[in-house]
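Working through the structure, step by step
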Amino acid sequence: MQQLEEADSLQFYWPGGDLMLRLVALFYIIIAPTLAGIFALVPLTMSGTLSINAGFLLAFVIAGAVLALPVSWFVAKRIDALFSSKGPAASV
């Protein structure tokens, strides 16, 4: 009975339940390194490779990884809506 209540609370926080959480995790694995790599190019382009500040580079990489969380959630939400019975217009 307690497991059922935990599953209901998970669906409250994640529309679509456990499937939505798995989709977000799957897309995060792909999107986070991509955005972190793109953001890592910014300080390399601004200061060059010989005079790079490691803290500046690390800050941009972390910013890219953090930005990947809402991007992954948005992509997973769109994909979930695309395959649900509601259609893609339901996620807008």
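Quantities reported herein were computed from a predicted structural model and do not represent experimental measurements.

The rules behind each value
The written sequence of each chain sets the order in which its residues are numbered from 1. Residues qualify for local features only when their pLDDT is at least 70, as the model is predicted, and side-chain atom pairs are given and counted only at 80 or more; totals for whole chains, interfaces and linings, by contrast, use all residues. Water and hydrogen atoms were dropped before computing side-chain values, which therefore reflect all heavy atoms in the structure. Only runs of H or I of at least four residues qualify as helices and only runs of E of at least two qualify as strands under DSSP, and these elements are numbered from the N terminus. Any residue under 20% of the maximum accessible area for its type is buried, any over 50% is exposed, and the rest in between are partly exposed; the area is computed with a 1.4 Å probe on protein chains only. Throughout, a residue-residue contact means that at least one pair of heavy atoms, one from each residue, lies within 4.5 Å. Reported accessibility uses the Shrake-Rupley method at a 1.4 Å probe radius. Residues are deemed covered only where the shown protein chains occlude them. Working definition: a ring pair exists when centres of Phe, Tyr or Trp rings (six-membered ring for Trp) sit within 6.5 Å. Plane angles under 30 degrees give stacked, over 60 give edge-to-face, the rest tilted. A helix is expected to span 1.5 Å multiplied by its residue count minus one. We define a polar contact as two N or O atoms separated by no more than 3.5 Å, with the added condition that, inside protein, one atom must be a possible hydrogen donor and the other a possible acceptor, whereas residues neighbouring each other in sequence contribute only through side-chain atom pairs. pLDDT is a per-residue confidence score from the predictor, ranging from 0 to 100. Bend at a residue means the angle formed by two fitted axes: the first through the 7 residues ending at that position, the second through the 7 residues beginning there. Like-charged residues are merged into a patch within 9 Å and nonpolar side chains (Val, Leu, Ile, Met, Phe, Trp, Tyr) within 5 Å, provided each residue has over 30% relative accessible area and no salt bridge. Think of a salt bridge as a Lys or Arg side-chain nitrogen and an Asp or Glu carboxyl oxygen that are within 4 Å of each other. Note on geometry: axes are lines fitted to C-alpha atoms, helical ones only across the stretch in contact, with angles between N-to-C directions running from 0 to 180 degrees. Should the near helix be turned counterclockwise from the far one by less than a right angle, the crossing is left-handed, whereas a clockwise turn marks it as right-handed.

1. Concerning the overall build of the protein
Looking only at helices and strands, the protein features 3 helices and 0 strands. When the helices and strands of the protein are read in sequence order from the N terminus, they spell out α-α-α. Per-residue burial over the protein gives 20% buried out of 92 residues. Partitioning the intrachain contacts of the protein with sequence separation of at least 6 by distance along the chain shows that 61% fall at a separation of at least 24. Total accessible area on the protein is roughly 6600 Å²; 72% of this is exposed by carbon and sulfur atoms.

2. Observations regarding the packing of aromatic side chains
Tallying each qualifying case throughout the model produces 1 aromatic pair. Plain terms: the ring middles of F56 and F60 are 4.9 Å apart, the flat faces sit at 80° to each other, and that makes the pair edge-to-face. With F56 and F60 both in helix α3 (residues 54-83) and 4 residues apart, the pair spans about one turn of that helix.

3. Structural notes on α3
For α3, which comprises 30 residues, the first-to-last C-alpha distance of 43 Å matches the rise-based estimate of 44 Å (1.5 Å per residue) to within 8%. Taken as a whole, α3 has its buried residues at G64, A68, S72, A76 and A81. Contact partners of the buried residues in α3: α2 (18-47). Its side-chain oxygen 3.3 Å from the backbone nitrogen of G55, N53 forms the N-cap of α3.

4. Re the confidence of the model for the protein
Looking at the protein as a whole, its pLDDT mean stands at 80, while 73% of the residues score no less than 70. The least confident element of the protein is helix α1 (residues 2-13), whose mean pLDDT is 51; the most confident is α3, at 91.

5. Regarding α2
Helix length check: α2, at 30 residues, gives a terminal C-alpha distance of 44 Å against a target of 44 Å (1.5 Å per residue), a fit within 8%. The largest bend in α2 comes to about 35°, at Y28. For α2, the full list of buried residues reads M20, L23, V24, F27, I31, A32, L35, A36, A40 and P43. Residues of α2 that are buried in the fold lie against α3. Where α2 terminates, the next one or two residues include G48, which has phi positive at roughly 85°.

6. Some points on a nonpolar patch on the surface
On the surface, a nonpolar cluster with roughly 310 Å² of combined accessible area is contributed by L26, I29 and I30. Summarising the element assignment, I29 is placed in helix α2.

7. Some points on the packing of α2 against α3
Running from N to C, α2 and α3 cross one another at 145°; their axes reach a closest spacing of 6 Å. Of the two possible hands of crossing, α2 and α3 adopt the one that is right-handed.

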